[in-house]
Amino acid sequence: MEIRKRLSYQFIAIFALILFISFLTIYLLFASIRKADFYDRLGSKATMVAQMLIEFDEIDAELLKRIESNNPLSLPNEKIVIYDNQDHILYSTDYILQLNISTALIKNVRLNGDIHLSQYPFEILGQFYTSNNARLVVFAAATDIFGLRKLKRLRLILLFVFILSLVIVFFAGRIFATRALQPISDIMTQAETIGVSNLDSRIDEGPGNDELTQLARTFNRMLDRLEIAFLTQKNFIANASHELRTPLTVITGQLEVILMKERSNDDYRNTILSLLDDIKNLNQISNRLLLLAQTSSEFPETGFEQIRIDDTIWQARNEILKRQNQYSIRVHFSEEIDNEDKLTVTGSELLLRTAMLNLIDNGCKYSDDHTVDVNLSNNDEELIIRFSDKGIGIPGEEMELIFQPFYRANNAKRIKGHGIGLSLVEKIIALHGGVIDVTSVIDKGTEISIRLSSSKNSMKPHR
Ligand code: ADP
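The rules behind these values
Per chain, the residues get numbers from 1 upward, laid out in the order the sequence is written. In keeping with the predicted nature of the model, local features appear solely for residues at pLDDT of at least 70, side-chain atom pairs appear and are counted solely at 80 or more, and the whole-chain, interface and lining totals rest on all residues. Computation of side-chain values: all heavy atoms of the structure, hydrogens and water removed. Secondary structure elements are defined from DSSP: runs of H or I of at least 4 residues count as helices, runs of E of at least 2 residues count as strands, and each element is numbered from the N terminus. Think of it in three bands: with a 1.4 Å probe and only protein chains considered, a residue is buried below 20% of the maximum accessible area for its type, exposed above 50%, and partly exposed in between. The term polar contact refers here to a pair of N or O atoms within 3.5 Å; inside protein, the definition further demands a hydrogen-donor-capable atom paired with an acceptor-capable atom, and it admits residues adjacent in sequence only when both atoms are side-chain atoms. Residues are treated as being in contact if the distance between any of their heavy atoms lies within 4.5 Å. Between N-to-C directions, angles span 0 to 180 degrees; the directions come from axes that are lines fitted to C-alpha atoms, helices contributing only their stretch in contact. Angle categories are assigned with fixed cut-offs, so that under 35 degrees is roughly parallel, over 145 is roughly antiparallel, 65 to 115 is roughly perpendicular, and the rest are oblique. Crossing handedness: left-handed means the near helix sits turned counterclockwise from the far one by under a right angle, and right-handed means the same turn made clockwise. Amino acid classes used here: Ala, Val, Leu, Ile, Met, Phe, Trp, Tyr, Cys and Pro are nonpolar; Asp, Glu, Lys and Arg are charged; the rest, including Gly, are polar. We define proximity as follows: a residue is near a molecule or strand when any one of its heavy atoms falls within 4 Å of that partner. Using the Shrake-Rupley algorithm and a 1.4 Å probe, accessible areas are obtained, with residue cover drawn only from the displayed protein chains. We define the nonpolar core as a collection of buried residues of types Ala, Val, Leu, Ile, Met, Phe, Trp, Tyr and Cys that are connected through side-chain atoms lying within 4.5 Å of one another.

1. Points about the side chain of Thr-312
If you trace the backbone, Thr-312 turns up in helix H7 (residues 309–323). Classification of Thr-312 as buried rests on a relative accessible area of 1%. At 3.1 Å, the side chain of Thr-312 forms a polar contact with the backbone oxygen of Arg-308. Apart from residues no more than four positions distant in its own chain, Thr-312 is found in contact with Ile-307, Glu-349, Leu-352, Arg-353 and Met-356.

Here's what the structure looks like:
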């Protein structure tokens, strides 16, 4: 059921309940006031008739009947019956015996005083009257025609007002609910129109700060993230194709040139060696792209194992030195690392080695002395690995950008690279629940530090 309908039905139900209880209370109170009032009048009448019969010697039952029959103040359908202490009728205007008064009832009045009862169409009051040795039981009965008529009218009025109010509340509730939910409908209509072609469109947030504005804002923030992800994806594909195409063009060019005429064996050999270099480069790019794609999607953390980070660093160091023997990679351990547990982290050996490899490679690549210092230290919870070099540094305004895929700082363009390494490192470290920090001074050097949870704390990721 639509919220709009549900709201208006709930609203009506609550309103109807409150109105019903109020009207019922009014009706019952009115009914009880009418009854009390009528019995008061019956009581006065009973006392008055008994008094006249007992107190005035000159008035006997017959005279009293005549007086009463002409009394304009008599109640509608009025009947008075008086019994003496022998239960004999002393006086009665109930000529055709419409009242059913038993001896038990008379006794009841004698014992308990006033009683009220009703015998349709009469309401009867039984009263014990004592005076001058007389101990009488007086029954006064009548029909409260006016009171009951008023009560009936009140019932009809209340019923009419009740139904009318419900109808009004039903329509008012619908209008109210429609108005209250209009912003949601607006958000839905606007959201419907947003697609890939207009991902930069946003939902109108309105001026207020209520829940619906917050909903629109949350939605817009989600769209921001989606747009960035979408653009990144688009750029990534464009950049990746570009990175792959460049070495392929170079390879094609070299092959075309060598095939133009007959060459010496040395020429062929040199070209093949150069091609091999390019193909290795191509291979490295595609491997990194593959890893980047894998780490961007859900990398199975279930494949994580206990890794000695110092082993990983030594292996990365050896791999690089095999390729670039002019590089100098110095590894230092802080004194606090006094047992191997402190060097153990939970993670993927391949991914962490790739990260170390990239950071060491960058340190050497971007410094004239091709030297990087790798420092390992720890605190209670983390293992900290710092990669510092005395190289070209990173311009301050580009510090945030270097983690974007394919981004290369302006001062680094003359040195060979593809801009994939750091984004891969960032993804790998995030995947391991770690944090990466960069401090750099242009032409002085760069320090990139990684903080990873030691194995005993590895279930608590940093972000
Ligand atoms: P690549 O080194 O292949 O260009 P990376 O993703 O590893 O790609 O690095 C991105 C950019 O960050 C580099 O192009 C360079 O501008 C900058 N950078 C990374 N490490 C260093 C460093 N140690 N010193 C100076 N600049 C660096």
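2. Considering the packing of helix H1 (residues 3–55) against helix H4 (residues 145–193)
In the contact formed by H1 and H4, the axes pass within 9 Å of each other and the chain directions differ by 160 degrees. When the interaxial angle is binned, H1 and H4 end up roughly antiparallel. For the crossing formed where H1 meets H4, the hand is right-handed. Considered class by class, the residues forming the contact of H1 with H4 number 25 nonpolar, five polar and six charged.

3. Some remarks on the site of the ligand
Around the ligand sit 20 residues, and of these Asn-362, Tyr-366, Arg-408, His-418 and Leu-422 come closest. The separation between an oxygen atom of the ligand and a polar side-chain atom of Asn-362 is 2.7 Å. In this structure, Asp-389 approaches the ligand through a side-chain N or O atom, which is 3.0 Å from a nitrogen atom. Protein burial of the ligand: of its 520 Å² of free accessible surface, 99% is covered by the chains. Among the elements that line the shell around the ligand, the one with the most residues is helix H8 (residues 349–365), at three residues. In terms of residue class, the shell around the ligand is built from nine nonpolar, eight polar and three charged.

4. A closer look at the nonpolar core
Ile-309, Ile-360, Leu-376, Ile-385 and Phe-387 are the most contacted members of the largest nonpolar core, which totals 48 residues. Element by element, the count of residues in this core is highest for H8, at eight residues. Setting aside residues up to four positions removed in sequence, Ile-309 forms contacts with Leu-343, Val-345, Leu-352, Met-356, Leu-376, Leu-383, Ile-385 and Leu-452. Counting 22 residues, the second-largest nonpolar core is a separate cluster that includes Tyr-39, Leu-75, Ile-80 and Val-138.

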